[in-house]
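Remarks on the overall topology
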Amino acid sequence: MKLIFLGPPGAGKGTLAAKAVDILKLPHISTGAIFRSAIAAQSTLGLKVKAVIDAGKLVDDAATIELVKERLAQADAQAGYILDGFPRTIPQAEALSAFSSVDKVVNFDIPDSSVLERLGGRRVCRKCGANYHIVFNKPKNEKVCPACGGEIYTRDDDREEAVQKRLEVYRAQTAPLIDYYRKKGLLVDVDARPLVDEVVGNFKKALGL
Ligand code: AP5
Ligand code: MG
Ligand code: ZN
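Now for a look at the structure at hand.

Calculation criteria
- Residues numbered from 1 in each chain as written.
- Chains lettered and ligands numbered in written order.
- Predicted model: local features only at pLDDT ≥ 70, side-chain atom pairs only at ≥ 80, totals over all residues.
- Heavy atoms only, no water.
- Near = heavy atom within 4 Å.
- Polar contact = N/O pair within 3.5 Å; in protein donor to acceptor, adjacent residues only side chain to side chain.
- Areas by Shrake-Rupley, 256 points an atom, 1.4 Å probe, with all protein chains shown as cover.
- Helix = DSSP H or I, 4+ residues; strand = E, 2+ residues; numbered from the N terminus.
- Nonpolar A, V, L, I, M, F, W, Y, C, P; charged D, E, K, R; others polar.
- Pairing = 2+ DSSP bridges.
- Contact = heavy atoms within 4.5 Å.
- Axes fitted to C-alpha atoms, helices over the stretch in contact; angles between N-to-C directions.

Brief notes about the site of ligand 1
The environment of ligand 1 is made up of 35 residues, and the closest members are Thr-15, Lys-57, Arg-88, Tyr-132 and Arg-166. Here an oxygen atom of ligand 1 and a backbone polar atom of Gly-12 are 3.0 Å apart. Residue Tyr-132 places a main-chain N or O atom 2.6 Å away from an oxygen atom belonging to ligand 1. Burial of ligand 1 by the protein amounts to 97% of the accessible area it has alone, namely 1000 Å². Breaking the shell around ligand 1 down by element, the ones donating at least two residues are α1 (13-24), α2 (31-40), α6 (112-120), β6 (131-133) and α9 (196-207). Looking at which element gives the most residues to the shell around ligand 1, the answer is α2, with four residues. For the shell around ligand 1, a count of residues per class yields 15 nonpolar, eleven polar and nine charged.

This is the structure:
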């Protein structure tokens, strides 16, 4: 199954993807995570995208499309994938349709107030990328990832100004994809407001699993 996770920043795409990986045995491909690894490694790509991402803006379409095209060509993605955070613009969606055929697009339905609450308290593991939250999913030791022992930090783009910018960018450039995929008959809406286990249930129901 080839799935796209579509939704505003902080909707819970990464969190649900981590659960869906266990359910569906598919690779989780997050463009944001790929960019963050590149930044950590100080690669050419990382150095190029750091300022753009920290400001809450989008990386250019051409570079992002190329990256995803290469990733989806790898062996582990042939039976299916969970694509989290791509496409994020109409040109990205058009480009994707030329190199892969998507089965379903999962739309994370959630109001801005919840998004702000989730991003305001998010913490992330620098090593494995696991998501935590200071209220909803608090690690025992606030500085150490219980999954891998990595350092827990706050993402640079979770600063308030960057979050506002990301929401603005989402509305202008990404939200139009909801209608785009609905018209193609691929969209399934998932109520992303409840706690994680219930969202997992909503997701399974929406996909008939
Ligand atoms: P990306 O990493 O994709 O960030 P995003 O879309 O802004 O989404 P987030 O990762 O912030 O949120 P999420 O929905 O995954 O929520 P999470 O599960 O963490 O992209 C980062 C940047 O990279 C972009 O801004 C852009 O610059 C660039 N980029 C990436 N893709 C690109 C593309 N295609 N084109 C161009 N540029 C691109 O959950 C959030 C918090 O809530 C966590 O703390 C979690 O523990 C908590 N939580 C989750 N679910 C629940 C729940 N049900 N109940 C309570 N708490 C919950
Ligand atoms: Mg994410
Ligand atoms: Zn970790």
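A few points about the sheet that holds β6
The strand order across the open sheet built from three strands is β6-β5-β7, with neighbouring strands paired in antiparallel fashion. Each edge of the open sheet carries a strand with a single partner, namely β6 and β7 (152-153). Bridging between strand β5 (residues 122-125) and β6 involves three bridges; their strand directions are antiparallel. If you follow Arg-122 over to β6, its bridge partner there is His-133. Sheet strands touched by α6: β5 and β6. Its angle to β5, the strand with the most contacts, is close to 50°.

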